[in-house]
Amino acid sequence: MPEAATAKHLTMAWTANDPLLTVSDLKVWFPVASGVMQRTVGHVHAVDGVDLEIRAGETLGLVGESGCGKSTLGRAAIRLLKPTGGTVHFKGEDITSIRGEHLRALRREMAMIFQDPYASLDPRQTVGDIIGEPIDVHGLAKGKERQDRIRELLRVVGMNPRFADRYPHEFSGGQRQRIGIARALAVEPTFIVCDEPISALDVSIQAQIINLLENLQSKFKLTYLFIAHDLSVVKHISNRVAVMYLGKIMEVASGQQLYRRPRHPYTGSLLSAIPIPDPKVELQRKRLILQGDVASPVNPPSGCRFRTRCPRAKEHCAEEVPPLESFGSEHKAACFYPLD
Amino acid sequence: MTQPLLEVSDLHTVFSTKEGMVKAVDGVSFELHAGETLGIVGESGCGKSVTALSIMRLQRPGRIVGGKVMFKGQDLTRVSEYEMREVRGKEIAMIFQDPMTSLNPVYRVGWQVGEPTRLHGGWDAKKALSSAVTMLARVGIPSAAARAKDYPHQFSGGMRQRAMIAMGLTTTPEVLIADEPTTALDVTIQAQILDLLRDVNREFGTATILITHNLGVVAGMCQRLIVMYAGKIVEAGPTTDVFANPKHPYTWSLLRSIPRLDAERHEPLKPIEGLPPNLVDLPAGCSFHPRCVFKVDRCSRDTPALLQVGDTQRSACWVTQSGTELKGA
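This section reports on the structure supplied with the text. For every chain, the first residue of the written sequence is number 1, and numbering continues from 1 along that sequence. All chains are assigned letters beginning at A, and all ligands numbers beginning at 1, according to the order in which they are written. Reporting of local features is limited, given that this is a predicted model, to residues whose pLDDT is at least 70; pairs of side-chain atoms are given and counted only at 80 or more, and all residues count toward the totals for whole chains, interfaces and linings.

### Side note on unusual backbone geometry
Residue R60(B) is joined to P61(B) through a cis peptide bond whose omega torsion reads 10°. Phi is positive for Q38(A), which is not a glycine, with a value near 50°. As a rule, residues whose C-beta atom has 12 or fewer other C-beta atoms within 10 Å are exposed, those with 20 or more are buried, and those in between are partly exposed; C-beta atoms are placed from the backbone. Q38(A) gets classed as exposed once you count the C-beta atoms within 10 Å, which come to 9. A positive phi angle is found at L246(A), which is not glycine, with a value near 45°. Residue classification places L246(A) among the buried positions, given that 25 C-beta atoms sit within 10 Å.

### Structural notes on the environment of K68(B)
Residue and element names in this part refer to chain B. What counts as a helix is a DSSP run of H or I of at least four residues, what counts as a strand is a run of E of at least two, and both are numbered from the N terminus. Considering the arrangement of structural elements, one finds K68 in strand β4 (residues 63–71). In this structure K68 comes out as partly exposed when scored by C-beta crowding, with 17 C-beta atoms within 10 Å. The spatial distance from the C-alpha of K68 to the C-alpha of R291 is 32 Å, given a sequence separation of 223 residues. Residue contacts for K68: discarding those within four places in its chain leaves S9, D75 and T77. The contact criterion used is a C-beta to C-beta distance within 7 Å, with each C-beta placed from the backbone.

### Topic: the packing of helix α3 (residues 109–121) of chain B against helix α4 (residues 125–138) of chain B
All names here are of chain B. Running from N to C, α3 and α4 point in directions that differ by 115°, and their axes come no closer than 8 Å. Taken together, α3 and α4 sit at an angle that is classed as roughly perpendicular. Helix-helix and strand crossings are classified by hand; for α3 and α4 the assignment is right-handed. Residues G110, V113, G114, T117 and R118 of α3 form the contact with α4, whose participating residues are A125, A128, L129, S131, A132, V133, M135 and L136. Each axis is a line fitted through C-alpha atoms, and for a helix only the stretch in contact is used; angles between axes span 0 to 180 degrees, taken between their N-to-C directions. Comment on the angle field: the value is read as roughly parallel under 35 degrees, roughly antiparallel over 145, roughly perpendicular from 65 to 115, and oblique elsewhere. Crossings are classed by handedness, with left-handed meaning an anticlockwise turn of the near helix from the far one by less than a right angle and right-handed meaning a clockwise turn.

### Points about the sheet that holds strand β5 (residues 74–75) of chain B
Residues and elements named next belong to chain B. Pairing between strands is defined by DSSP: at least two bridges between the two strands are required. Spatial strand order, β2-β1-β4-β5: four strands in an open sheet with antiparallel pairing. Single-partner strands in this sheet number two, and they are β2 (20–32) and β5. Examined bridge by bridge, strand β1 (residues 6–17) and β4 share seven bridges and lie antiparallel to one another. Within β4, the position partnered with S9 by the bridge is K68.

### Concerning the interface of chain A and chain B
Between chain A and chain B, the contact holds 35 residues from the first and 38 residues from the second. Elements that contribute at least two residues to the side of chain A that touches chain B include exactly α7 (203–220), α8 (231–237), α10 (265–273) and α11 (279–284) of chain A. Among the elements that line the side of chain A that touches chain B, the one with the most residues is α7(A), at six residues. Three residue categories are used. Nonpolar comprises Ala, Val, Leu, Ile, Met, Phe, Trp, Tyr, Cys and Pro, charged comprises Asp, Glu, Lys and Arg, and polar comprises the others, including Gly. Class assignment of the residues belonging to the side of chain A that touches chain B gives a composition of 17 nonpolar, 10 polar and eight charged.

Okay, structure coming up:
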């Protein structure tokens, strides 16, 4: 395993009991250009001061609506994006601005699974070459050993090893997602960011992929950051869930805690907005329907970002940014007037 | 029972493709009664959207090759294009999944929302616009008079879908067909739009056909439900009965394969194995049999018809038709 490759760069002793990944005050801003000169007139505050820990072996779910910054956070966590501010520590090492060989070595520990199984596979490469690419890039195997490895990876994700010679267009969405998962596993990573891995799939196929991800996690002792907008899927697969809104974490708790007793009003309305596939439950549910749309990440509201849609907002919420505070063990929320 | 508002019987719609003939809708029959909300659920390619488009005669390049769509004493599959235009948008309105592409980007929202009343009611521009503004306000667009002057790109996704619903309602149609109206929207916005559709149904008494792949949406919106698979209806019945006691293995398996927000414990999901069928090359017999855990010999030979199973449901399954209960670990 790639421990050896990064071990020499460790700045402090990291043990398996420490968080695998720690994100502190992370900011990722994108410039907004305008006019003939394309001058920067502002910034999209995609991720704006996020603190988060991911523990070895767990699945941390990250939910939020489109544009809340969850994918950007996922990409910055594995250094596919360079953060504007803050730090990312992986196994105790600051990886915020590492470069060159050092970054290459880190890439062997991390992988990503993408949402769109149609756009994320090169149509001109065979399945074998798609899965083989990370093996070649990192020089992990050659010749017959490489072929064996590719076949083994296909078997691991539940596909016929003979499919290595075929092209992506010959496969359905669910099968392509399996190929994407095999590619992610090719470097034997410890940490995988799954960015909406099932939202493009048919309902009957989603459960197959969820179960596959769960099986692979226990088999290879993987740590997941599971990004999705569907809270029922996230709650199912995650040990802990972080709720994000306009670039900030609003609440972090175990899935059960979050569902039974949400403390942030946004989490409360998000939960009540998710339909439950049971007419008896649905008919009796009290709905807490939010007014309005998400505010712009270019000019986020002052204070609490959710205050413009929040039914409980008071003056104070516009003046100060609520910090992420503890509500019992393992439960944090950023709200001055939390739900009971 | 009262006369149905809309009656689809034995509808067949086909598409010619390079690989061969695709029977997108293969003998679909159902009724829609005044004031009700009927759900059509199924996965992509099951024929739910083509069924809706065929009712509106918008199925091209597909062809309706059989069956009837009876609405107010006339068969919509046989009326002239001119007569169809009188029905479309006036008596039966349709809203689509993607509010981004179903509004014209170069016309102001108010003008577009007023179009049905100008075309069908013969209203002048001023009267049409003022009714459009009223309707935009009714569907929850803030400062509707000012926003009516906006172009679609100035609206958010949720607001565009509200505008589409407003446009559909200006002529007070009797039937509203909503094809995946919330699929492109975020969950909190989805909740707003579903709430609006419930209000519309209550206030205007518009009968609604709601097409979706989301079983949760159906559970909260529809009194009756149709489940489609590979161009056919495999199960139909009152929503509460179908969810409590599904009579087709596809429905049964689908309900067990989705994670529920209110699940108490973490239990592994029970996926439906295999892949959705290729419509060009359907398996013999029941199209679901290769993925079915209850299949018997007959399922791979003979195609089951949609028959009454139990008091309120209909199912196209040899197993449940012979009286077997669907049970399993």
